[in-house]
Amino acid sequence: MPEHFNLTREGTVAVVSLNRPDRKNPLTFDSYAELRDWFRALAYDDDTTAVVFAPNGGNFSSGGDVHDIIGPLVAMDMKDLLRFTRMTGDLVKAMLHCGKPIIAAVDGICVGAGAIIAMASDLRLATPEAKTAFLFTRVGLAGCDMGACAMLPRIIGQGRAAELLYTGRSMSAQEGERWGFFNRLVAADALVADALALAQQISEGPNFAHMMTKTMLHQEWSMTLDQAIEAEAQAQAICMQTQDFTRAYEAFVAREKPVFEGD
């Protein structure tokens, strides 16, 4: 079990949350590294089919801890600073390459690196009280942190992303839903249950094929249209060799609902 974040399981769905609710769940050097290593290992975990990144104590995350991270960074030299910024970026890379759909369930404060974790997830649900901010400029840094300048415009558009990254202002839950950052808003008392239900619904599908979908969603941004069409042709040909594809056909012939097993 992890030491620096919470981990529970609901069947084949892993539920992750940060474990410092008294301080609105800030990230530390240790929690960054442990989350990175856990998501890396998840790529090889056949027993987990989806992840819900949940809030804790009414908040998602307040980002990097001011005292445990920002204070020590001021005293570091360039080599150590680059080691840290590469580690934080490696967390996002691990989330992108873990092969499992990730659903962020956002409540309350979701700022800085917490907003990045939500951004790097595949789907995002939120409560009407959620407040999301990419506030790096407010601490004297550039908005281009952990892939934000590449990923956020793809989700909400270039102009909207530029506004949030230049100003560091909070995006309301209603703006986030309207702009496409959040898939939908739900009441706080239903947030985690709805996220789990969505994760379990996805997990009932062909999980090898879901891995391929996640891979293509990530890789095709850097492809031409011709390259993307060819990559998808290869991906589908691979999926057509799975037993789940055969199960779906046999269930259709028998007028039954297919039961996928992920192979």
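As shown above, the structure is provided for reference.
Quick summary incoming for the structure in this document. (Residues numbered from 1 in each chain as written. Predicted model: local features only at pLDDT ≥ 70, side-chain atom pairs only at ≥ 80, totals over all residues. Heavy atoms only, no water.)

### So, the sheet that holds strand 6 (residues 102–106)
Short version of the rule: Pairing between two strands requires that DSSP report at least two bridges joining them. By definition, any uninterrupted DSSP run of H or I lasting at least four residues is a helix, any uninterrupted run of E lasting at least two residues is a strand, and each is numbered from the N terminus. The criterion used for residue contact is that any of the two residues' heavy atoms lie within 4.5 Å. Note on geometry: axes are C-alpha line fits, over the in-contact stretch for helices, and angles between N-to-C directions span 0 to 180 degrees.
In space, the six strands of this open sheet follow the order 1-2-4-6-8-11, with mixed pairing throughout. Looking at which strands have only one partner, the edges of the open sheet turn out to be strand 1 (5–10) and strand 11 (184–185). Two elements, strand 1 and strand 2 (residues 13–18), share six bridges in a ladder whose sense is antiparallel. Residue pairing in the sheet places Glu-10 in a bridge with Val-13 of strand 2. Those strands touched by helix 1 (residues 29–42) are strand 1, strand 2, strand 4 (50–53) and strand 6, and its axis lies near 160 degrees from that of strand 4.

### Looking at the nonpolar core
Worth spelling out the cut-off: The set of buried Ala, Val, Leu, Ile, Met, Phe, Trp, Tyr and Cys residues whose side-chain atoms join them within 4.5 Å is what this entry labels a nonpolar core. The classification of residues rests on relative accessible area computed with a 1.4 Å probe and restricted to protein chains. Under 20% of the type maximum is buried, over 50% is exposed, and intermediate values are partly exposed.
By size, the foremost hydrophobic cluster in this structure holds 53 residues, and its most contacted members are Phe-39 and Phe-134. Excluding residues within four positions of it along the chain, Phe-39 makes contact with Val-51, Phe-53, Leu-91, Ala-94, Met-95, Cys-98 and Ile-102. The next biggest cluster of nonpolar side chains, apart from the first, holds 15 residues, and it includes Val-52, Leu-191, Leu-196 and Leu-198.

### Observations concerning the side chain of Asp-244
Applicable threshold: Side-chain atoms alone can form a polar contact between residues adjacent in sequence; in general such a contact is a pair of N or O atoms within 3.5 Å, and within protein one must be able to donate a hydrogen while the other accepts it.
Residue placement: Asp-244 occurs in helix 11 (residues 243–253). A distance of 2.8 Å separates a polar side-chain atom of Asp-244 from the backbone nitrogen of Gly-262. What Asp-244 contacts, discounting residues up to four positions off in sequence, is Pro-206, Asn-207, Phe-260, Glu-261, Gly-262 and Asp-263.

### Here we look at the pairing of strand 2
The buried count for strand 2 comes to six of six residues, which makes it a mostly enclosed element. The side-chain alternation of strand 2 yields two buried faces, one formed by Val-13, Val-15 and Ser-17 and the other by Ala-14, Val-16 and Leu-18. Of the strand pairs in this sheet, strand 2 and strand 4 are connected by four bridges, and their pairing is parallel. Residue pairing across strands places Val-16 opposite Phe-53, the latter belonging to strand 4.

### Regarding a nonpolar patch on the surface
Selection rule: Patch construction takes residues with relative accessible area above 30% that form no salt bridge. Like charges are linked within 9 Å, and nonpolar side chains (Val, Leu, Ile, Met, Phe, Trp, Tyr) are linked within 5 Å. The accessible surface values rely on the Shrake-Rupley method and a 1.4 Å probe; as for residues, cover is taken only from the protein chains in view. Each salt bridge in this description consists of a side-chain nitrogen of Lys or Arg and a carboxyl oxygen of Asp or Glu lying within 4 Å of one another.
Residues Val-66, Ile-70, Val-74, Val-139 and Leu-141 make up a contiguous nonpolar surface patch of roughly 460 Å² in combined accessible area. Within the element layout of this structure, Val-74 appears in helix 2 (residues 66–74). Residue class for Val-74 comes out exposed when judged on its relative accessible area of 72%.

### Some points on the sheet that holds strand 7 (residues 109–111)
An order of 7-9-10 is seen for the three strands of this open sheet, with the pairing classed as mixed. A single partner strand is all that each edge strand has here, and the edge strands are strand 7 and strand 10 (170–172). Averaged over all neighbouring strand pairs, the angle between strand axes comes to 25 degrees, with direction disregarded. For strand 7 and strand 9 (residues 131–133), the ladder comprises three bridges, and the chain directions are parallel. Within strand 9, the position partnered with Val-111 by the bridge is Ala-133. Relative to strand 7, helix 4 (residues 113–120) is tilted by about 85 degrees, and along the sheet it contacts strand 7 and strand 9.

### Looking at the state of the cysteines
How we decide: Counting rule for disulfides: a pair of cysteine sulfur atoms within 2.5 Å.
Evaluated as defined, the whole model comprises zero disulfides. Left unpaired, Cys-149 is separated from the closest cysteine sulfur, that of Cys-144, by 5.0 Å. Given the relative accessible area of 45%, Cys-149 is considered partly exposed.

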